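What follows is each chain in one-letter form.
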Amino acid sequence: MTFRLIDTEMWADPWFEGLTAHEKLLFIYLFTSSSCNQAGIIPQFSPRRVGFETGIAWEEIPAMVEKMGIAGKLLVDGTRVACASFPKYQVRNGNFAISALRIIEGLPEGIIKKEIMNRKATLWKEKSKEEATPKQPPSKSKATPKQPSHRSEQEQEQEQEQE
């Protein structure tokens, strides 16, 4: 089972506040649905399925998707729908971002791939570097930033070797 987060900041977003209850449900459904992949894309979006799973009249869903697309919250390309803010709220570690980038790079050329790579590439790449970059172990030097050491580099190296 896939795990998705709902960031509480979303509720304070003025755009989100302006949505109807059904529009809020649809927006949350889009990134929490089992159809949504790790890149925030639903490859085969079906208003009938969304209607069945949410209880929203399926005939209303295309207009809601269009409204969200105009607002820049969704990207639509044929049957694919992508949540534009997915990396901001869902990517929590580098491995997740690396996997999502692979999905995006494997997409056929089109609106979604172009927009995600243009608008979100830096965020995806920053997230993927967070985990891919090894963290440096803490320094064994006894000097603190506020109290610089007056010992020579050679003395410091000798002390580290002895530890």
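Look up a bit, the structure's there.
Residues numbered from 1 in each chain as written. Predicted model: local features only at pLDDT ≥ 70, side-chain atom pairs only at ≥ 80, totals over all residues. Heavy atoms only, no water.

Asker: Hey, could you go over helix H2 (residues 21-32) for me, with residue numbers and the actual values?
Answerer: In a regular helix each residue adds 1.5 Å, so 12 residues correspond to 16 Å; H2 covers 16 Å between its end C-alpha atoms and thus fits that length. Considered for burial, the residues of H2 that qualify are Glu-23, Leu-26, Phe-27, Ile-28, Tyr-29, Leu-30 and Phe-31. (Helix = DSSP H or I, 4+ residues; strand = E, 2+ residues; numbered from the N terminus. Expected span 1.5 Å × (residues − 1). Buried < 20%, exposed > 50% of the residue type's maximum accessible area, 1.4 Å probe, protein only.)

Asker: Run through helix H6 (residues 94-105), naming residues and quoting values.
Answerer: With 12 residues, H6 ought to run about 16 Å at 1.5 Å a step, and its terminal C-alpha atoms sit 16 Å apart, in line with that. Considered for burial, the residues of H6 that qualify are Gly-94, Phe-96, Ala-97, Ala-100, Leu-101 and Ile-104. End-on, the buried residues of H6 take up no more than an arc of 150°, which puts them together on one face. (Arc of directions from axis to C-beta.)

Asker: I'd like to hear about the pairing of strand S2 (residues 74-77), residue by residue, with values.
Answerer: In this structure, S2 lies alongside strand S3 (residues 80-83), joined through 4 bridges in antiparallel fashion. Considered in S3, the bridge of Leu-74 is made with Cys-83. Here S2 hands over to S3 after 2 residues, with Gly-78 in that stretch at a positive phi of 65°. (Pairing = 2+ DSSP bridges.)

Asker: Break down the pattern of salt bridges for me, citing the residues and quoting the values.
Answerer: Going through the model one piece at a time under the given rule, you end up with 3 salt bridges. Its salt-bridge partner being Glu-23, residue Lys-67 comes within 3.0 Å of it at the nearest N-O pair. Placement of the pair is Lys-67 in helix H4 (residues 61-70) and Glu-23 in helix H2, with a sequence separation of 44 residues. Lys-67 gets classed as partly exposed once you look at its relative accessible area, which sits at 38%. Among the residues examined, Glu-23 registers a relative accessible area of 8% and is labelled buried. (Salt bridge = Lys/Arg side-chain N within 4 Å of Asp/Glu carboxyl O.)

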